[in-house]
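# Coordinate analysis (summary)
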Amino acid sequence: MSYAAFYQESIQHPDTFWDGEAKLIDWHTPYTQVLDQSRPPFAKWYVGGETNLCYNAVDRWLPTQADKPALIAISTETNTEKTYSFAELHLEVQRMAAIMLDLGVKQGDRVLIYMPMVAEAAFAMLACARIGAVHSVVFGGFASKSLATRIDDAKPVLVVSADAGMRGGKAVPYKPLLDEAIALSAHKPEKVLLVNRALDTMQFVAGRDVDYAALREQHLDAQVPVTWLESNAISYILYTSGTTGNPKGVQRDVGGYAVALASSMKHIFCGNPGETYFATSDIGWVVGHSYIVYGPLIAGMATIMYEGTPIRPDAGVWWSIVEKYKVTRMFSAPTAIRVLKKHPPELMKKYDLSSLKALYLAGEPLDETTSSWIASELGVPIIDNYWQTETGWPIMSIARGIEDKATRLGSPGIAMYGYNVSIINEATGAECAPNEKGVVAIRGPLPPGCMQTVYGDDQRFVQTYWSNFAHEQLYSTFDWGIKDADGYYFILGRTDDVINVAGHRLGTREIEESISSHPQISEVAVVGVEDKLKGQVAVAFAILKHPELAATPEAAKILEAEVMAVVDKQLGAVARPSRVHFVPMLPKTRSGKLLRRAIQAICEGRDAGDLTTIEDPTSLQQIKAALVV
Ligand code: PRX
């Protein structure tokens with residue numbers, strides 16, 4: 001079948017199309033309705049069907065490949081490597097599930113997972129899925145305030161964490177940050193389960209903190225049956241940044257997600273049982289959920305869980321893993337490739353990469369230089385794919401499992417099946433002509449696997465995502481884009497205040513709120529500024545309560561470091577601005593709205609655009625002046 005026909009079928013007959021795809025997973029109870037869209041924009045997939053993500057990822061493979069590798073945990077930081085077969089993974093997940101049940105976790109309860117990239121993190125996610133608990137994984141790079149916000153929103157009964165992670169040869173403590181977060185949060189989790197890696201000392205809080213290794217010993221023979229869940233039960237919550245300072249809890253279902261992953265693993269990632277998949281992301285991001293933990297396992301593949309950087313002990317380390325484990329499909333982000341490009345290519349050439357069939361890149365724009373370079377180094381197709389935490393799997397890419405259509409440099413590809421994508425003129429609500437810039441929007445229903453709602457806030461879901469165009473209720477991606485005459489899309493950046501630093505999605509408002517908590521700051525604007533390596537970096541412009549404090553360059557440097565330390569402590573180093581400039585005034589409209597886009601344009605050496613509403617044009621001069629200091 002041509003991809004065009006496959007795509008058309010998915011859009012015109014979603015019921016029959018997704019009924020067919022649903023056969024890719026196992027159901028305990030058949031569904032009675034493929035799609036319920038009686039309450040748009042909410043879409044319920046596979047109503048009445050019962051299944052389980054953990055069952056499809058683990059148990060389902062026991063009869064045919066119990067002894068084949070399932071989870072390969074590699075840490076180039078602690079120099080450890082361990083492979084768990086499907087049978088071993090099954091045992092470990094049941095042990096973890098038994099511990100959770102013992103600690104009082106019940107179906108529907110939330111479990112917050114704040115973990116480095118260790119096998120136990122995957123056990124915990126799968127154990128939650130097994131017993132019907134809702135996991136909320138928080139990226140290890142986030143610090144206490146980010147964590148506290150998420151604890152208060154998800155209200156977990158249990159937190160699973162560890163003493164520390166490790167990065168670049170240094171221990172990165174987790175437990176003290178977690179303790180601080182719990183001290184800050186209004187909601188107090190009853191129990192904290194701790195994996196002790198002996199990287200840092202841990203203070204156990206009596207009555208609350210429990211040791212994983214000790215409890216595991218008590219549950220070595222645990223048999224925890226799968227809890228069958230209605231397809232629309234909540235599988236997990238994953239927080240993501242948006243326009244406001246409060247991250248949104250993206251809520252996902254069970255059945256639709258399982259089908260979307262099985263389907264995308266087949267048609268887009270072309271993975272086969274018995275092969276090895278290597279996604280270099282982190283379980284704290286959506287790529288880690290979909291394509292480190294659930295997707296590859298649901299496809300019967302071994303998946304690699306990697307703790308470390310791409311360049312330690314040297315820039316050949318990923319390729320040595322590809323050789324050793326005969327990785328067939330690899331998934332990474334453009335920033336990582338740009339980092340590798342700075343190192344001698346011989347380090348890559350040293351290894352036998354003949355197992356590798358394709359490299360998938362996502363999370364941020366893939367520039368042509370990086371794409372061409374890695375394609376020629378590896379000699380395999382480079383498949384850009386565009387999607388979001390909200391969608392859980394690619395909106396745009398090339399479905400090579402259906403038809404090996406050509407890729408186009410600078411484009412993440414064409415609309416993936418199930419997604420009725422349009423480029424919409426923001427002002428008129430009309431569909432844009434080919435090559436005309438507009439907002440990337442999707443006509444409902446969103447396909448299986450996409451977010452069900454904002455956790456605990458249906459209204460916010462409708463208002464944030466589905467109320468941006470006057471004439472029609474369409475899902476907004478908050479990305480600018482164009483579609484060329486052949487249906488290839490090009491992504492041109494966010495329409496909101498979200499920035500993308502090294503593929504990490506961050507909200508400038510959250511960073512601004514954090515900086516504002518410094519006692520000397522009266523006002524601040526944070527913008528994303530183009531960066532050759534990281535795609536974008538955050539740059540802050542702050543007004544001091546007492547400007548004389550930054551009168552000399554030395555004094556300004558000290559204050560800048562202080563402000564950065566506040567962000568590090570509250571949000572984590574991942575959100576730290578690359579510069580904090582002190583200015584006497586910020587450009588605003590006459591009604592007091594910050595002109596972030598004008599600031600961003602000046603930082604990038606572009607024209608500041610339409611300034612008819614600006615209150616005081618000299619404020620822009622001050623931004624320019626600050627940049628040259
Ligand atoms: O702005 C787009 C950018 O990353 C955003 C989504 O980030 P996140 O929720 O972290 O999900 C990442 C899943 C891979 C998008 O709204 N983005 C993602 N992929 C691409 C991209 N921009 C350009 N090209 C891409 N391939």
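Located above this text is the structure these notes cover.
These numbers come from a predicted model, not from an experiment.

### A short note on the overall build of the chain
Counting secondary structure elements, the chain contains 20 helices and 32 strands. With the C-alpha coordinates aligned to their principal axes, the bounding extent of the chain is approximately 70 × 60 × 55 Å. For the chain, buried positions account for 60% of its 629 residues. Here the contacts in the chain between residues at least 6 apart in sequence split such that 70% fall between residues at least 24 apart. When the accessible surface of the chain is summed, it comes to about 23900 Å², and 53% of that surface belongs to carbon and sulfur atoms. Looking at charge distribution, the chain has the averaged site of its 58 positive side-chain charges lying 2 Å from that of its 71 negative ones.

### Describing the site of the ligand
Lining the immediate environment of the ligand, one finds 17 residues, of which D384, T389, D479, R494 and R505 sit closest. For the ligand, an oxygen atom lies 2.5 Å from a polar atom in the side chain of D479. At 2.7 Å from an oxygen atom of the ligand is found a side-chain nitrogen or oxygen belonging to R505. Among the secondary structure elements, those contributing two or more residues to the shell around the ligand are α11 (286-298), β20 (382-385) and β27 (489-494). The two domains that each donate at least three residues to the shell around the ligand are domain 1 (3-308 + 385-465) and domain 2 (309-364).

### Concerning the packing of aromatic side chains
According to the stated counting rule, one finds 39 aromatic pairs in the structure shown. Taking the centre distance of 5.7 Å and the plane angle of 50° together, the rings of F17 and Y417 count as tilted. Taken together, the residues span a long stretch of sequence, with F17 in helix α2 (residues 14-21) and Y417 in the loop between β22 (414-415) and β23 (420-424) at a distance of 400 residues. On the basis of an interplanar angle of 50° and a centroid distance of 4.5 Å, the ring pair of F269 and Y291 is categorised as tilted. One end of the pair, F269, is in the loop between α10 (255-267) and β16 (276-279); the other, Y291, is in helix α11, and 22 residues separate them in sequence. Through pairs of rings, three or more aromatic residues link up here, namely Y3, F6, Y7, F17, W18, W27, Y31, W45, Y46, W393, Y417 and Y419. Taking the ring centre of F142 as reference, the NZ or CZ of R150 above it sits at 4.7 Å. Here the guanidinium or amino end of R408 rests over the ring plane of Y488, the centre of that ring lying 4.1 Å away.

### Brief notes about the sheet that holds strand β8 (residues 158-162)
The strand order across the open sheet formed by eight strands is β12-β11-β8-β6-β7-β14-β15-β25, and the pairing between neighbours is mixed. Single-partner strands in this sheet number two, and they are β12 (209-211) and β25 (453-454). In the sheet, strand β11 (residues 191-195) pairs with β12 via three bridges, with the strands oriented parallel. The residue of β12 that forms the bridge with L194 is D211. Sheet strands touched by α11: β7 (134-137), β14 (236-240) and β15 (248-252). Its angle to β14, the strand with the most contacts, is close to 140°.

### Here's the deal with the pairing of strand β31 (residues 535-544)
Successive residues of a regular strand alternate their side chains across the two faces of the sheet. For β31, a buried count of nine out of 10 residues is recorded, marking the element as mostly surrounded by other parts of the structure. Strand direction decides the pairing type here: strand β30 (residues 521-531) and β31, joined by 10 bridges, are antiparallel. What sits directly across from I521, in β31, is L544. Between the antiparallel neighbours β30 and β31 lie three residues. In this structure, β31 lies alongside strand β32 (residues 579-582), joined through four bridges in parallel fashion. Note on β32: the bridge partner recorded for F541 is H581.

### Points about the pattern of salt bridges
All chains considered together, the criterion is met by 30 salt bridges. In this structure, the salt-bridge partner of R208 is D209, at a minimum N-O distance of 2.6 Å. Residue R208 is classed as buried on the basis of its relative accessible area, which comes to 13%. The residue R505 makes a salt bridge to E390 at a minimum N-O spacing of 2.8 Å. You can see R505 sitting in strand β29 (residues 504-507) and its partner E390 sitting in the loop between β20 and β21 (396-397), a full 115 residues away along the chain. One exposure class covers both R505 and E390, and it is buried. Shared partners join several salt bridges into a network, and the residues in it are K175, D179, R208 and D209.

### Comments concerning the sheet that holds strand β5 (residues 80-85)
One open sheet holds the seven strands; their spatial order is β5-β4-β17-β16-β18-β19-β20, and the pairing between them is mixed. In this open sheet, the two strands that pair with only one neighbour each are β5 and β20. Sheet twist, expressed as the mean angle between neighbouring strand axes with direction ignored, is 20°. Sheet analysis places strand β18 (residues 327-332) next to strand β19 (residues 358-362), joined by four bridges and oriented parallel.

Conventions used here
Residues numbered from 1 in each chain as written. Predicted model: local features only at pLDDT ≥ 70, side-chain atom pairs only at ≥ 80, totals over all residues. Heavy atoms only, no water. Helix = DSSP H or I, 4+ residues; strand = E, 2+ residues; numbered from the N terminus. Buried < 20%, exposed > 50% of the residue type's maximum accessible area, 1.4 Å probe, protein only. Contact = heavy atoms within 4.5 Å. Areas by Shrake-Rupley, 256 points an atom, 1.4 Å probe, with all protein chains shown as cover. Lys, Arg positive; Asp, Glu negative; His and termini not counted. Charge placed at Lys NZ, Arg CZ, Asp CG, Glu CD. Near = heavy atom within 4 Å. Polar contact = N/O pair within 3.5 Å; in protein donor to acceptor, adjacent residues only side chain to side chain. Domains from an automatic or database assignment. Phe/Tyr/Trp six-rings, centres within 6.5 Å; stacked < 30°, edge-to-face > 60°. Lys NZ or Arg CZ within 6 Å of the ring centre and 35° of its normal. Pairing = 2+ DSSP bridges. Axes fitted to C-alpha atoms, helices over the stretch in contact; angles between N-to-C directions. Salt bridge = Lys/Arg side-chain N within 4 Å of Asp/Glu carboxyl O.

Honestly, that's just the spatial picture; any functional story needs more than this.
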